[in-house]
Every structure is written in structure tokens, then in C-alpha cells.
Amino acid sequence: MNSILITGSNRGIGLELARQYAQQGWRVHACCRHPEQATELQTFADNTDNIQIHELDITSPEQINLLVDSLNGEAIDILFNNAGIYGQNNASFGNTDIDKWLHTFHVNTIAPLKLTEALVNNVASSELKTIATMSSKMGSMADNGSGGSYVYRSSKAALNAAFVSAAIDLKSRGIKIAILHPGWVKTDMGGPNAEIDTHTCVQQLMKTLDSLSLETSGSFFEIDGSIIPW
Ligand code: NAP
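These remarks concern the structure in this document. (Residues numbered from 1 in each chain as written. Predicted model: local features only at pLDDT ≥ 70, side-chain atom pairs only at ≥ 80, totals over all residues. Heavy atoms only, no water.)

1. What about the pairing of strand β3 (residues 51-55)?
Then step 1. Bridge count for strand β2 (residues 27-32) against β3 is 5 bridges, and the pairing is parallel. The residue bridging V28 from the neighbouring strand is I51, located in β3.
Then step 2. On the question of chirality, the crossover connecting β2 to the parallel β3 by way of helix α2 (residues 39-46) is right-handed. (Pairing = 2+ DSSP bridges. Helix = DSSP H or I, 4+ residues; strand = E, 2+ residues; numbered from the N terminus. Right-handed = clockwise from strand over helix to strand, strands pointing away.)

This is the structure we're talking about:
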């Protein structure tokens, strides 16, 4: 049985990732900050025996250590760094908030790499040896035609830089990394006017991960699997 560990799996894209991988018979480690409040995830987990819920705020080194201990060396085929925040609405020129910017870097950029460092041996001992990290096309400089959004854009651009390095550094261990744009998705973050629902999004992301190889590791994938320029 393959296994996946997903951060931010109580709502949005993360919840749908947990649902679809579990429905395909995968063992799912569904991480979220407040399991007791994750009612939708709890209900789904109660009706399937292959979902295990873990408490995890990705910015907490203590909680990361507890998670590593509780996994007890179990192989993780896909580590899916999904959790993320927009950080600051109206982060326009002249209006950026330093504390919000630093917190956004912590959640969107630093925490996914620290979690990856903590779980790399679990991934290395698996069959698929895959790490997926949820970025955004808003982190692409080539795609930036509208400016603004300093906080979110820069946190995702830096995430991309970190995971390109990780893809290079971990290739010799057979680990492949996908940096993903999920499309514009109807979630709390994407809003009701977004282009696709979470079901469609996750189906596409699964296809992209299915075709990931060491040769394409470290690429920035559009939702249709094409490559996004940096
Ligand atoms: P969402 O509905 O707002 O969900 C965000 C998830 O991240 C929630 O589960 C949230 O948990 C979790 N989270 C936030 N801070 C966390 C922390 N410190 N530790 C652990 N979990 C934390 O957003 P979404 O649309 O599903 O987004 C998922 C990913 O896709 C994000 O990385 C986002 O940047 C990216 N993305 C989304 C879109 C889009 O159109 N929706 C587009 C491009 C990229 P709580 O419930 O506890 O807050």
C-alpha cells in the first residue's frame, strides 16, 4: 500500500487530496493544526480505515518532532507540502506589513523545507520517493504582469528557489520533487469565483505526480502538467 502525508488537510485542496488518495486505497497521513475542529476530515476518516489524522502546525519544530516520532520510520511515498497562507491582503506598494510578511515566509517558505528535512528519510525509504510542494504561479516572475501582492508572490518565489535546490541535492537519493501550481481553485483562499473546483484540481495534480521523473524533478508544473517559466 502506498502512503501519502499531506499538510493542511482539514479544508480546501488538502482535504480533497486526502479524500481522493484514500479512495484510491492509499494510506493517508492527514495533518492539520486543529484535529478536534476538522469535522469534515474526521467524518471522512471515521468511514475509512486508511486515514490517520495528526496534529501539525508546520511552523512548530516541536510538533514536527512529535510527528516524526509517531511515524516511527514508516515509509512515505509522497510528502505533500500543501499548507499555505495568502498572508496579507492588499499588500500593495507602500502598504506591506513586516510582521505579516515574515510570518508568511515562515509558513509558505521555511516550514515546508524544515518538514521536508525532518521527513526525508521516510521518503527515501519509500517506493515512489516523491515530494510535492504547493507553490503558485504568483511566485513566477515571468508570469507577473500585474505587480502587487508582494508578500504572497515573494514567499512562493522563495519556496520555488528552496525546492529547486532540494531537487538537486536529493536527486542522488532517488528523490524527485514537483513544484506545483494548482490552478485557480474554489477554496477559502481562491474564493468563489475561481476557475476550478478542488475535485478537478486534485485529479490533475495526481496525473502530474504520476508522470514525475528524476529528469523532470525540480520543475514548476502548471495544473495541466506543462512547465511554468520561473
Ligand atoms: P485554504 O483553503 O485557505 O487552506 C489552507 C490550508 O493551509 C488550511 O488547511 C490551513 O489550516 C493550512 N495552514 C495554514 N497555515 C498553517 C500552518 N501554520 N500549519 C499547518 N497548516 C496550515 O487554501 P487552499 O486554496 O486549499 O491552498 C492550498 C495550497 O495551494 C496553498 O499552499 C496555496 O498557497 C496554494 N494555492 C492555492 C490556489 C487557489 O486558487 N486556491 C492557487 C495557487 C496556490 P487552518 O484551517 O488551520 O487554517
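Next comes the rest of the description.
2. Here we look at the site of the ligand
Then step 1. Neighbouring the ligand are 27 residues, the closest being N10, R11, R33, Y152 and T187.
Then step 2. Between I13 and the ligand, the recorded distance is 2.9 Å, taken from a backbone N or O atom to an oxygen atom.
Then step 3. Note that an oxygen atom of the ligand is positioned 2.8 Å from one of the backbone N or O atoms of V185.
Then step 4. Protein chains bury 94% of the 900 Å² of accessible surface belonging to the ligand in isolation.
Then step 5. Elements with a contribution of two residues or more to the shell around the ligand: α1 (12-23) and α5 (150-170). (Near = heavy atom within 4 Å. Polar contact = N/O pair within 3.5 Å; in protein donor to acceptor, adjacent residues only side chain to side chain. Areas by Shrake-Rupley, 256 points an atom, 1.4 Å probe, with all protein chains shown as cover.)

3. A look at the pattern of salt bridges
Then step 1. Summed over all chains, the structure comprises 6 salt bridges.
Then step 2. Across the pair E16 and R19 runs a salt bridge, and its minimum N-O distance is 2.9 Å. Here E16 and its partner R19 are both found in helix α1, 3 residues apart, which amounts to about one turn of the helix.
Then step 3. What makes R19 partly exposed here is its relative accessible area of 23%.
Then step 4. For E117, the salt bridge goes to K114, with nearest N and O atoms at 2.6 Å. Of this pair, E117 and K114 both sit in helix α4 (residues 98-124), separated by 3 residues, roughly a single helical turn.
Then step 5. Here E117 falls in the partly exposed class, since its relative accessible area comes to 43%.
Then step 6. With relative accessibility at 44%, the residue K114 sits in the partly exposed group.
Then step 7. Connected through salt bridges with shared partners, the residues E16, R19 and E40 form a single ionic network. (Salt bridge = Lys/Arg side-chain N within 4 Å of Asp/Glu carboxyl O. Buried < 20%, exposed > 50% of the residue type's maximum accessible area, 1.4 Å probe, protein only.)

4. Topic: the nonpolar core
Then step 1. Counting residues in each nonpolar core, the largest one holds 32 residues, and the members touching the most others are Y21, V28, F80 and L180.
Then step 2. Looking at this core, the elements that each hand over two or more residues are β1 (3-6), α1, β2, α2, β4 (78-81), β5 (130-134), β6 (176-180) and α6 (198-210).
Then step 3. If you tally residues by element for this core, the top one is α1, at 6 residues.
Then step 4. If you look at the next biggest cluster of nonpolar residues, it comprises 27 residues, including L56, L71, L159 and A167. (Core = buried A, V, L, I, M, F, W, Y, C linked by side-chain atoms within 4.5 Å.)

5. Observations concerning unusual backbone geometry
Then step 1. Residues other than glycine seldom take positive phi values, yet N72 does so here, at roughly 50°.
Then step 2. Tracing the sequence through the fold places N72 in the loop between α3 (61-71) and β4.
Then step 3. For N72, a relative accessible area of 68% corresponds to the exposed category.

6. Some words on the packing of aromatic side chains
Then step 1. Across all of its chains, the model carries 4 aromatic pairs by this definition.
Then step 2. Taking 6.2 Å as the distance between ring centres and 50° as the angle between the ring planes, the aromatic pair formed by F93 and Y150 counts as tilted. One end of the pair, F93, is in the loop between β4 and α4; the other, Y150, is in helix α5, and 57 residues separate them in sequence.
Then step 3. Above the plane of the ring of F44 lies R19, whose end atom (NZ or CZ) is 5.8 Å from the centre. (Phe/Tyr/Trp six-rings, centres within 6.5 Å; stacked < 30°, edge-to-face > 60°. Lys NZ or Arg CZ within 6 Å of the ring centre and 35° of its normal.)

7. With respect to the environment of H199
Then step 1. With respect to the helices, strands and loops of the structure, H199 is situated in helix α6.
Then step 2. Overall, the relative accessible area of 39% leaves H199 in the partly exposed class.
Then step 3. Sequence-wise, H199 and I168 are 31 residues apart; in three dimensions their C-alpha atoms are separated by 31 Å.
Then step 4. Other than its neighbours up to four places away in sequence, H199 contacts E16 and Q20. (Contact = heavy atoms within 4.5 Å.)

8. Brief notes about the environment of D143
Then step 1. In this structure, D143 sits in the loop between β5 and α5.
Then step 2. Owing to a relative accessible area of 41%, D143 belongs among the partly exposed residues under this scheme.
Then step 3. Taking the C-alpha atoms as reference, D143 lies 8.3 Å from I228; in sequence the two are 85 residues apart.

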